[in-house]
Amino acid sequence: MKFSLTLPRSFRTGTVVVAVLAATGWALRPLAEPIREELRSAEPAPRLGSLSDALGQGMNVLGGLRAMLADFIYLKACLDWEDTRLDQTIAGLRLATAVDPSSLYFWLNGASMMALDMSNWRVDAEGGAYKVPKARQRQIDREQAALGLAFLEEARRFHPRAPTIYEKMAFIHHIRLRPAAEDEAGANAELLRAAELYHLASTQPGAPFYDVRLQASLLKEAGHFREAYDALVKIYPTLPKAPDDPGYARRPIKNPPPSENEVMAAQAGDVFGRIRDLEKQLGIAPGQGFQP
Amino acid sequence: MNSMAVPFSFARTSLIAGNTFLEAVRQRLFLFLVLLAVALVAGARFFHEFDFGPDGGVPELKFLFDFGLGALIFFGSTLTITATAQLFFSEIENRTALTLLAKPVWRAEFVFGKFLGAWAVVGVFCALLTGLLAVLLWFRTGAILAANPGAFLHGGRIGLGDIAIVCGLQWLKFGVLAMMTLLVSSFSGTNLFSVVMGFFVLVICHLQAFAHQAYTRVEASSVALGLMIETLARVFPDFQFFNLADKVGTEAGLDAGLALRVAAYALAYILVFGFLAVFSFRRREI
Amino acid sequence: MTTAAEASVPAAAPSSGAPVAIDLCGVTKDFPVGLRGLKLRAVDNLSLAVPAGQVFGLLGPNGSGKSTTIKIVLGLLEPTAGTCRVVGVPSAQVESRRNVGYLPEAPYFYRYLSGAELVRFYARVCGVPRQRLDARVREVLDWVGLTGAAARRVGTYSKGMLQRVGLAQALVHDPRLVILDEPTAGVDPAGSAEISSMILRLKSEGRTVLITSHLLAQIEDVCDRIAILDRGRLILEGAVAELVGRRDRQALIVEALPPGELAELRVWLAARGRALESVEQPRARLDEIFLREVARAGDGRKEAGP
Ligand SMILES: Nc1ncnc2c1ncn2[C@@H]1O[C@H](COP(=O)(O)OP(=O)(O)OP(=O)(O)O)[C@@H](O)[C@H]1O
Ligand SMILES: [Mg+2]
């Protein structure tokens, strides 16, 4: 009797609160579920047993603070990078991208640090470019490039349509792996691989115009004139030649008339000149070649 | 007795809200905003000086935005919970609620007045911080573009509208959080208990995504258990919804329709928690 | 005059037959104390009717349940049993507080507001029309003698000033029923006297006043009816005049008599079969001296401001 007066009321209130909230949750399902689906689809499914994926998922709890935490870790990695502390830098980059894989910048810059800067550090640590045998230097370059490429491969899971990732991969193949190849055939293979990656980049939404130009010039360098020619001929009609060019249909997402900057970046005239050059090299008679 | 009827009055509610807001202002609650602003400007300066490499403009803006938003979320959550609990309990502990509720004032007017006052405090905080962040970003964007007109060809430019949407959604989330804190306060005996519970609930709401994953797994093995976890998972709102910042600065940009639906979700929860807070407070002894 | 035994029966309409402002019927209030579900009965089966237009005093030792009763009347507490109506409206309803002014015991207000802002806030909450607001606020602040301190933060007020500003907020919306819980606690004798005369003025304007106090002399001066509570129970209720008047005694105050004449007076009384029971030196009451001296010190004392 003594107890019965207070306990039931708070108990009743608690029950009502929980019941109403549960009912609200059910009632709001048509509103909430699509939102949840939309947010979930933006993230790749975590791989089973992957520590970094689990970490990234766990960091969801932080909400908007997650990006800031990742920024902190990345800044720390940058400080380690300035001090050329190799292991710490790599660990920091891995952690930062695990906490917040959505930042493309972390992946791209991290890959550059791994593939380009760190091989120099290692050579320096072993006595410098004059002392360390060339073969050893090439081996270090290949090891570091592989590290950077693997890092970018990981990035592709989160940003499958980012042209910059393919560009960075192409760049590593071109700048690092080609000189580090053991023989002429290997070097050529790296060139072709880089050209292929630039082509991949050029097919992604929002890709810059220069991807195809780079692809063509690498193909040309490797002696594949015909492919270079085909690539340029294929791209030329889609390039904006003047502001308000109606035929321009390059960027699938926002499709405003081309701006002055874009016209400049497209360099349609330059592409046309290259086409003509390649025609000469391919022995195509004037007048028989490409007609815009 | 109809001529004597005292209907629920928005005027009284806003009076109570105004008084609550005034209390926060006169307690110099906003003074810490000055410190925060100084820190943000200093941060902007730091990111400007920091060497982000050849096309450093894009990451510079990203870092500035992340830190500004991080400060907003972190201090905003803290402010929401502590200020709401404090503004509520100052009335109870100083026994001013005694005088106020002895007037022809509905308990619902009191609860919603307290809510609106606290939410306005958080709103001013959010607006000032967002404004400062927007100005800093706008300023830096201009400088970066002047140095390199092509800096943002591949995205990375942070639109003022996006900032407003992201920060506005955070403010709505704080509204839900404030109302939840009020619900706890409506039966809690002390300020400290409300604050601790407020943070606890905040964490739970951020963990909702896990609960949802959990019940989809469990449902396969046991329907009853799955149903139970699902019910539990539905008791709290999911605060992950309010976090659309990932899309800012990308080519796709923010989805305004999605933001609108999240806003509707927040308002629905504010009303439901408000109703429950009134329900629980209605018979509290003052 | 009612005794506790009779009081358990729902209160009969008071002798005057006036309409009832507050009607408590069998009100009991238990507070849970301790963890083991122990209860403290603060008000025990209280039935009381406060007639409209009178000053009603609620007396009793500390902890006898006076403030608890008042909170029940105002709907701040819910009675464990029984009903309470204010002008016929159950206390649980907001409407019942429409025409009520309340001064809580040991009041404490929003420290960050000035006195004028505070009274203005409550006036607006009570729906005082905007065009009358400023004049009304000034008026009540003047009544309670706070005009000089109206611009100061309430946080800087002394105890007595808090009591005065509390009185101002209780009266600002011109309520028909005024409930004052120890209005003179912490107020100096001059202020006490002012409050007494204010209560009498409220009564003369036809308002009902419910007041609790420990100053029995004051209660006696202003109240029409009183009720005495002890440990939550009503032990005595009635009109003051009936309760304190003793018809079998009289006091005569005369100029000091020399001993011889006093003896003669005794003889004169004895011849008529009467006895002189006691001879005392009447003493001026300390509060009268206080009031006289303070009044002499200056008239500016009225305003408590600097
Ligand atoms: N909220 C509460 N919880 C528990 N007990 C309470 C509460 N409020 C009052 N009481 C108890 O109820 C009893 C009556 O208290 P109340 O304040 O009504 O006395 P009072 O007559 O106003 O005394 P005073 O003359 O000292 O003001 C006291 O014993 C008090 O301890
Ligand atoms: Mg009392």
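These numbers come from a predicted model, not from an experiment.

J.: Provide a residue-level description of the overall build of chain A, including the pertinent values.
T.: When helices and strands are counted, chain A shows 13 helices and 0 strands. Counting only residues that meet the buried cut, chain A has 46% of its 292 residues in that class. Of the roughly 14,700 Å² of accessible surface on chain A, a fraction of 61% belongs to carbon and sulfur atoms.

J.: Describe the coordination of the magnesium ion (ligand 2), with residues and values.
T.: All names here are of chain C. Summarising the metal site, the magnesium ion (ligand 2) is bound by the protein donors Ser67 (OG) and Glu105 (OE), whose distances to it range over 2.0 to 2.5 Å. Highlighted residues: Ser67 in helix 2 (residues 66-73) and Glu105 in the loop between strand 7 (100-103) and helix 3 (115-125), separated in sequence by 38 residues. In this structure Glu105 comes out as partly exposed when scored by relative accessible area, which is 29%.

J.: Talk me through the site of ligand 1; I want residue IDs and the actual numbers.
T.: All names here are of chain C. Close to ligand 1 lie 14 residues; Asn62, Gly63, Lys66, Ser67 and Thr68 are nearest. Here an oxygen atom of ligand 1 and a side-chain polar atom of Lys66 are 2.7 Å apart. Separating an oxygen atom of ligand 1 from a side-chain N or O atom of Glu182 is a distance of 3.3 Å. Summarising the interface, the protein chains cover 65% of the accessible area of ligand 1, which totals 630 Å² for the free molecule. Secondary-structure elements contributing two or more residues to the shell around ligand 1 are strand 3 (38-51) and helix 2. The element contributing the most residues to the shell around ligand 1 is helix 2, with 3 residues. Tallied by class, residues from the shell around ligand 1 come to 4 nonpolar, 7 polar and 3 charged.

J.: Account for the pairing of strand 7 of chain C, with residues named and values stated.
T.: All names here are of chain C. Neither face of strand 7 is open: one carries Val100 and Tyr102, the other Gly101 and Leu103, and all of them are buried. Pairing of strand 7 with strand 8 (residues 177-181) involves 4 bridges; the strand directions are parallel. The partner of Gly101 across the bridge, within strand 8, is Val178.

J.: Any details on the nonpolar core? Residues and values, ideally.
T.: Counting residues in each nonpolar core, the largest one holds 231 residues, and the members touching the most others are Tyr74 of chain A, Phe63, Leu100 and Phe242 of chain B together with Ile22 and Ile179 of chain C. Broken down by element, the residue count for this core peaks at 17 residues, all from helix 3 (residues 57-93) of chain B. Ignoring anything within four residues of it in the chain, the contact list for Ile179 of chain C reads Ile22, Ile70, Val73, Leu74, Val100, Gly101, Tyr102, Leu103 and Leu210 of chain C.

J.: Go over the domain arrangement of chain C with me, naming the residues and quoting the values.
T.: Accessible area lost upon the coming together of the parts is a frequently used measure of interface size. Looking at chain C, the domain boundaries give domain 1 (53-71 + 89-244) and domain 2 (259-304). The C-alpha-based centres of domain 1 of chain C and domain 2 of chain C are spaced at 32 Å.

J.: If you had to explain the interface of chain A and chain B to someone new, which residues and values would you point to?
T.: Contacts between the two partners involve 51 residues from chain A, matched on the other side by 48 residues from chain B. Carbon and sulfur atoms make up 68% of the area that chain A and chain B hide from each other, which totals about 4,600 Å². Across the chain A-chain B interface, the total number found is 4 salt bridges. Across the pair Lys62 of chain B and Asp71 of chain A runs a salt bridge, and its minimum N-O distance is 3.3 Å. Remark: the boundary between chain A and chain B carries 3 residue pairs in polar contact (both at pLDDT 80 or more). Ranked by residue count, the leading element in the side of chain A that touches chain B is helix 1 (residues 7-27) of chain A, at 12 residues. Tallied by class, residues from the side of chain A that touches chain B come to 27 nonpolar, 13 polar and 11 charged.

J.: Describe in detail the environment of Ile70 of chain C, supporting the description with residues and values.
T.: All names here are of chain C. Considering the arrangement of structural elements, one finds Ile70 in helix 2. We classify Ile70 as buried; its relative accessible area is 0%. Ile70 sits 31 residues away from Gly101 along the chain, and the two C-alpha atoms are 12 Å apart. Once residues lying within four places of it in the same chain are set aside, the contact partners of Ile70 are Tyr102, Ile179, Asp181, Leu210 and Thr212.

J.: Let's hear about unusual backbone geometry: which residues, and what values?
T.: Among all residues except glycine, the phi angle is most often negative; among peptide bonds, the trans geometry is most common. Residue and element names in this part refer to chain C. The phi torsion at Glu182 lies on the positive side, around 50 degrees, for a residue other than glycine. Its location among the elements puts Glu182 in the loop between strand 8 and helix 6 (189-204). The buried category is assigned to Glu182, whose relative accessible area is 15%. Although it is not a glycine, Arg231 sits at a positive phi angle of roughly 45 degrees. Here Arg231 shows up in the loop between strand 10 (225-230) and strand 11 (233-239).

J.: Explain the state of the cysteines to me, and be specific about the residues and the numbers.
T.: Simply put, disulfide is the name for a covalent bond between the sulfur atoms of two cysteines. All names here are of chain B. Across all of its chains, the model carries 0 disulfides over all chains by this definition. For the unlinked cysteine Cys167, the closest cysteine sulfur is that of Cys126, found at 7.3 Å. Taking relative accessible area as the criterion, Cys167 reaches 4% and is therefore assigned buried.

J.: Describe a nonpolar patch on the surface, with residues and values.
T.: All names here are of chain C. A cluster of nonpolar residues, Leu252, Val254, Leu257, Leu265 and Trp268, forms a patch on the protein surface that exposes about 520 Å² of accessible area. With respect to the helices and strands, Trp268 occurs in helix 9 (residues 259-271). Residue Trp268 is classed as partly exposed on the basis of its relative accessible area of 46%.

J.: Can you explain the sheet that holds strand 2 (residues 20-33) of chain C? Please cite residues and give values.
T.: All names here are of chain C. Strands sit in the order 3-2-5-6 across an open sheet of 4 strands; the sheet is antiparallel. Either end of the sheet is taken by a strand with one partner, and the two such strands are strand 3 and strand 6 (89-90). Of the pairings in the sheet, the one linking strand 5 (residues 81-86) to strand 6 comprises 2 bridges and is antiparallel in character. Bridge pairing links Arg85 to Pro90 in strand 6. Packing against the sheet, helix 2 makes contact with strand 2, strand 3 and strand 5, and its axis sits at approximately 115 degrees to strand 2.

J.: How would you summarise the packing of helix 7 (residues 134-158) of chain A against helix 8 (residues 163-180) of chain A if you had to cite specific residues and measurements?
T.: Residues and elements named next belong to chain A. Two elements in contact, helix 7 and helix 8, have axes whose closest approach is 10 Å; the angle formed by their N-to-C orientations is 170 degrees. It follows that helix 7 is roughly antiparallel to helix 8 by the angle criterion. Residue-level contacts link Arg138, Asp141, Arg142, Ala145, Leu149, Leu152, Glu153, Ala155 and Arg156 of helix 7 to Ile165, Tyr166, Lys168, Met169, Ile172, His173, Arg176, Leu177, Pro179 and Ala180 of helix 8. The residue inventory of the contact of helix 7 with helix 8, partitioned by class, reads 11 nonpolar, 1 polar and 7 charged.

Cut-offs and rules
Residues numbered from 1 in each chain as written. Chains lettered and ligands numbered in written order. Predicted model: local features only at pLDDT ≥ 70, side-chain atom pairs only at ≥ 80, totals over all residues. Heavy atoms only, no water. Helix = DSSP H or I, 4+ residues; strand = E, 2+ residues; numbered from the N terminus. Buried < 20%, exposed > 50% of the residue type's maximum accessible area, 1.4 Å probe, protein only. Areas by Shrake-Rupley, 256 points an atom, 1.4 Å probe, with all protein chains shown as cover. Donors = N, O, S within 2.8 Å, 3.2 Å for Na, K, Ca; no water. Near = heavy atom within 4 Å. Polar contact = N/O pair within 3.5 Å; in protein donor to acceptor, adjacent residues only side chain to side chain. Nonpolar A, V, L, I, M, F, W, Y, C, P; charged D, E, K, R; others polar. Pairing = 2+ DSSP bridges. Core = buried A, V, L, I, M, F, W, Y, C linked by side-chain atoms within 4.5 Å. Contact = heavy atoms within 4.5 Å. Domains from an automatic or database assignment. Buried area = accessible area lost by both parts, 1.4 Å probe. Salt bridge = Lys/Arg side-chain N within 4 Å of Asp/Glu carboxyl O. Disulfide = S-S within 2.5 Å. Patch = residues over 30% accessible without salt bridge, like charges linked within 9 Å, V, L, I, M, F, W, Y side chains within 5 Å. Axes fitted to C-alpha atoms, helices over the stretch in contact; angles between N-to-C directions. Parallel < 35°, antiparallel > 145°, perpendicular 65-115°, else oblique.

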